[in-house]
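A look at the structure
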Amino acid sequence: MDRLPSHAQVIVIGGGIVGSSTAYHLAKLGYRDVLLLERHQLTSGSTWHAAGLVGQLRSQAGITELLGNSISLYNRLEEETGIATGWKMNGGLRLACNPARLIEIKRQATTARSFGLEMHVLTPQEAQDLWPLMDVSDVLGAAFLPSDGQANPSDIGRALAKGAKDNGVQIFENVEVKGIRVQKGRVCGVDTANGSIESEIVVNCAGQWSRNVGALAGVNVPLVSMQHQYLITEAIDGVSSDLPTLRDPDRLTYYKEEVGGLVMGGYEPNPIGWAEDGFPENFAFTLLDSNWDHFEQILSLALPRVPALENAGIKTLLNGPESFTPDGNFILGESPEVDGFFVGAGFNAFGIASAGGAGQALAEWIAGGEPPYDLWAVDIRRFGKPHQDIGWVRKRTYEMYGKHYTIAWPNEEHSSGRPFRQSSIYEALKADRACFGEKLGWERPNWFAPAGVEPSDEYSFEAPNWLAHSAAEHQAAREAAALFDQSSFAKFLLRGADSVKALDWICANRIDRPVGSVIYTQLLNKRGGIESDLTVTRIDHDAFYLVTGTGFITHDFHWIDRHLPKGMNANLTDETENWAVLSLMGPNARALLNRLTESPIDNASLPFAHSREIEIAGVHVRIIRITYVGELGFELHIPVAHAMSVYNELHRAGADLGLRNAGYRAIESLRLEKGYRAWGSDLTPDHTPLEAGLGWAVKLNSDIAFIGKESLQNQASSGLKKQLACFTVEDPSITLIGRETLYRNGQRVGWLSSAGFGHTVGCPIGLGYVRDPKGVDRTFLESGTYELEVAGLQVPCRIHLEPLYDPKNQRVKT
Ligand SMILES: Cc1cc2nc3c(=O)[nH]c(=O)nc-3n(C[C@H](O)[C@H](O)[C@H](O)COP(=O)(O)OP(=O)(O)OC[C@H]3O[C@@H](n4cnc5c(N)ncnc54)[C@H](O)[C@@H]3O)c2cc1C
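Thresholds applied
- Residues numbered from 1 in each chain as written.
- Predicted model: local features only at pLDDT ≥ 70, side-chain atom pairs only at ≥ 80, totals over all residues.
- Heavy atoms only, no water.
- Helix = DSSP H or I, 4+ residues; strand = E, 2+ residues; numbered from the N terminus.
- Rg over C-alpha atoms; globule rule 2.2 N^0.38 Å.
- Buried < 20%, exposed > 50% of the residue type's maximum accessible area, 1.4 Å probe, protein only.
- Contact = heavy atoms within 4.5 Å.
- Pairing = 2+ DSSP bridges.
- Expected span 1.5 Å × (residues − 1).
- Arc of directions from axis to C-beta.
- Lys, Arg positive; Asp, Glu negative; His and termini not counted.
- Salt bridge = Lys/Arg side-chain N within 4 Å of Asp/Glu carboxyl O.
- Polar contact = N/O pair within 3.5 Å; in protein donor to acceptor, adjacent residues only side chain to side chain.
- Axes fitted to C-alpha atoms, helices over the stretch in contact; angles between N-to-C directions.
- pLDDT = per-residue confidence, 0-100.
- Near = heavy atom within 4 Å.
- Areas by Shrake-Rupley, 256 points an atom, 1.4 Å probe, with all protein chains shown as cover.
- Nonpolar A, V, L, I, M, F, W, Y, C, P; charged D, E, K, R; others polar.
- 1 Å grid on protein atoms, 1.4 Å probe; cavity = no way out; pocket = protein on both sides within 12 Å on 5 of 7 lines; lining within 4 Å.
- Points joined across faces, edges and corners; volume = space filled by probe spheres on them.

With that settled, consider the overall build of the chain. Scanning the chain from N- to C-terminus turns up 18 helices and 40 strands. Relative to its length of 814 residues, the chain is compact, with a C-alpha radius of gyration of 27 Å against a globular reference of 28 Å. Overall, the chain is about 80 × 65 × 55 Å in size when its C-alpha atoms are taken along their principal axes. For the chain, buried positions account for 61% of its 814 residues. Long-range pairs, those at least 24 residues apart, make up 71% of the contacts in the chain between residues at least 6 apart in sequence.

Spelled out as structure tokens, the structure:
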């Protein structure tokens, strides 16, 4: 073996398909000093035994784009490297065998269209013409994606490694990383049995071993190993080499052609984990024992679909371990714990499909210091407290594996590992018949069931069982008062003499305002894209209280902490678990509070976007006058120990004012009517505040520098190519859930980033960006005629550039 160098610019750990792809793309980006270290031999982990199906469609545009990048790479890799990859674009079929599944595939075809992918809905006969061996007697329809395909996983992995080597990457096999060096929160090298190597960047692509490799650096990589089986048959008459891949989700199975026979595997509802007590030594090019008893349930579902399997010779039942994650998505990006330590792992049995695009995204992330496009769904910073508990991770991951092929319902919740975290008024909400949802381990009320109604969701692609009850909560907020438990909000404190200067650099909005001001702002990346959307309350001349969404705690804390200019006196701490938040919203909110406080809270004393500390029912509370529902509203930030008593007092004082508890589903309907945007859907790193219609919250005209300013200035002078607008559909029976394709004058111009039903305006509402490379302005927006594609149907809709509902003049517009 060549001697290991003592230094490398980037070290990639793991020579599976993902590590090889990352090294390949780093080299392509011009990195000349990249080292790939593989414990055994290239592809010897999960890669060599993958089935090799390559599908593309996901429910997030960014991840679909990433998978499309894989396909573009696989299309050219063989020619580029001279290594046969077995890649063929033979298309992918997905069957629907019940009415709900048919709606799901029709909605998926619409989503595909939104993201620019060709996907057709076929009749059972058309599907059978493409896949003659299958019985279609129970099939109602099918979706076909012509650009899906399949590959030989080891060969693709080797081709990527060869491409990396050809571009200067040094690859060392039989070198195990046994330690990661970290100094002052930044990675600085690795230790191996063959010596130590210094490096500024270390990338953990160690597959199912990534959790252990992460732990060497103090980084949490929440994944677990699971057993996954598929059958390989001898040649079967009628199996041609151009047979599309086939997914039969109602029978939990998938198929692909292999040497004239079939590969058939599936996702059983009762999966079996692996290596819970640690990995065996030297586990390389190794399989687990075939478990026929366990596979029986999959086989019995497959046989009626493909009767030829009955008499086919069986080569093997392959059982291979693979890493899975608690939300079914892989894990990408720079770890929040250690600077310079990146992760690309947890590929949930779609690592072959993802590797090309994931390696590219990771390399660009390393080079650019931020995700190259919206990768939130796979971002390592989406995790939080529950993901540090391996018992929780295991339970949720098993549930998600079992749901791999179940229908992905709108507003679906998961049941494992609950309850994990409760707010201090949880029991009271439960007693009031709350139906809870879960976000980052927190139990949060989604809606409240009246007496006689079961507080549980019944999923549907049409009006769900909770809609009328949520509508009543919505109405209370509009006409009287509603109380929302938002204790799960992430809350940070930034304190120090340089806090104003530091925040002015990080925030797009102007920060230096009087104590008591509440500033709504976005945090931007270098491209001007929105990394966070939050409120910043100045609580002292040198202290700010920041409130952001429950799910964004790790991401936003990391973003802010990372971007605080070096050397400034500004210290960020997490206050989330110290404060409960009760949001009192509605026209009667002030009258109610006046019954419980001596402090003046009239408009002059506490104007909109202002905050103070006051006594409510004898408890010291931070009151923030703000709203996300479009009504007079007050967020009460209460020390956790006192939340229950304030809650009781509010209800006692508010009973005759129409106060009732309300949940997150009502918030969604209320905020859509008021046109408030949501981060993660309407606001993402791919959209700027100017495109999102939030230019009013940007200090573009001041001389204060801030991250993203230059990009926004350029955009302001060159004009916008997309703009967010609101759309309504007249027919209240149409269900909008997001991702519906948007057409202007018959041309596809975008899709709905979020959607729901507006109970006050009485119609479905969606927000979405209208795109045009030639430019988008108000005249362009207003001059178009719009339609939405909803589950394959064209539905007329109207565009709105002002809020549909505004309490000031009670304007209701549809
Ligand atoms: C049965 C089965 C079927 C599958 N079918 C498909 C499919 O049809 N389509 C699809 O897209 N995906 C499929 N997959 C998933 C796919 O195989 C994986 O997602 C993919 O191979 C993961 O690649 P990786 O590079 O992350 O991990 P791996 O291939 O496991 O590579 C990780 C490497 O890291 C090395 N390593 C670990 N620790 C260290 C260390 N300390 N130092 C140095 N090196 C280290 C390991 O030796 C290993 O080689 C399937 C998986 C299984 C198990």
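Among the five residues in strand S4 (residues 92-96), four count as buried, and that is most of the element. Pairing of S4 with strand S6 (residues 141-145), which is carried by five bridges, proceeds in the antiparallel orientation. Opposite Gly92, over in S6, you have Leu145 as the bridge partner. Note that S4 and strand S13 (residues 245-248) share three bridges and pair parallel. Following the sheet pairing, Arg94 is matched in S13 by Arg247.

Here we take up helix H15 (residues 643-654). With twelve residues, H15 extends 16 Å between its outermost C-alpha atoms, agreeing within 8% with the 16 Å of an ideal straight helix rising 1.5 Å per residue. All buried positions along H15 are accounted for by Ala643, Val646, Tyr647, Leu650, Ala653 and Gly654. Taken end-on, H15 shows its buried residues confined to a sector of 140°, consistent with a single buried face.

Summarising the element assignment, Glu268 is placed in the loop between strand S15 (261-266) and strand S16 (273-274). Among buried charged residues, Glu268 stands out as having no salt bridge; its nearest opposite-charge side chain is Arg394, 14 Å away. There is a polar contact of 3.5 Å between the side chain of Glu268 and the side chain of Tyr401.

Our next topic: the sheet that holds strand S30 (residues 619-625). One open sheet accounts for six strands, arranged S29-S30-S31-S28-S22-S32; its pairing is mixed. Looking at strand neighbours, the two that pair on one side only are strand S29 (610-616) and strand S32 (659-662), the edges of this open sheet. Mean inter-strand twist for the sheet, computed between neighbouring axes without regard to direction, equals 25°. Looking at chain direction, strand S22 (residues 481-485) and strand S28 (residues 579-585) are connected through four bridges and run antiparallel. Bridged to Phe484 within S28 is Ser583.

Here we take up the confidence of the model for the chain. Of the residues in the chain, 99% reach a pLDDT of 70 or more, and the chain-wide mean stands at 97. When mean pLDDT is compared element by element in the chain, strand S19 (residues 341-345) scores highest at 99, while strand S40 (residues 811-812) scores lowest at 49.

Around the ligand there are 38 residues in total, and Glu38, Ser46, Thr47, Glu322 and Ala353 lie nearest to it. Contacts to the ligand include Gly351, whose backbone N or O atom sits 3.1 Å from an oxygen atom. At 2.8 Å from an oxygen atom of the ligand is found a main-chain nitrogen or oxygen belonging to Ala353. For the ligand, whose accessible area on its own is 1000 Å², the fraction buried by protein is 98%. Of all the elements in the fold, those that place two or more residues in the shell around the ligand are helix H1 (17-28), strand S12 (224-233), strand S17 (314-324) and helix H8 (351-368). Examining the composition of the shell around the ligand, we find that four residues originate from one element, S17, more than from any other. Within the shell around the ligand, the residues separate by chemical class into 21 nonpolar, 13 polar and four charged.

The next point concerns empty space enclosed by the protein. Applying the stated criterion across every chain yields a total of four cavities of 30 Å³ or more. The calculated volume of the largest cavity comes to roughly 80 Å³. Taken together, Gln227, His228, Gln229, Gly266, Glu268, Ile272, Asn291, His294, Phe295, Ile298 and Asn319 form the lining of the largest cavity. Taken together, the elements giving at least two residues each to the lining of the largest cavity come down to S12 and helix H7 (292-305). Of the residues assigned to the lining of the largest cavity, the class counts are three nonpolar, seven polar and one charged.

A separate point is the sheet that holds strand S37 (residues 786-790). Think of a sheet as strands paired side by side through backbone hydrogen bonds, with each pair either parallel or antiparallel. Taking strand neighbours around the barrel as the criterion, the six strands line up as S33-S36-S35-S34-S37-S38 in a closed arrangement whose pairing is antiparallel. Each strand of the sheet is rotated relative to its neighbour by a mean of 40°, with strand direction disregarded. Where strand S35 (residues 747-758) meets strand S36 (residues 763-771), six bridges bridge the pair, whose relative direction is antiparallel. Counted as the bridge partner of Ser754 is Leu767 from S36. Across the face of the sheet, helix H16 (residues 664-674) comes into contact with S35 and S36 while running at roughly 130° to S35.

Our focus in this paragraph is unusual backbone geometry. The omega torsion of the bond from Arg418 to Pro419 falls at -10°, within 30 degrees of zero and hence cis. By the element assignment, Pro419 lies in the loop between helix H9 (390-402) and helix H10 (426-431). Positive phi is not limited to glycine here, since Asn411 has a value of about 60°. Among the secondary structure elements, Asn411 is positioned in the loop between H9 and H10.

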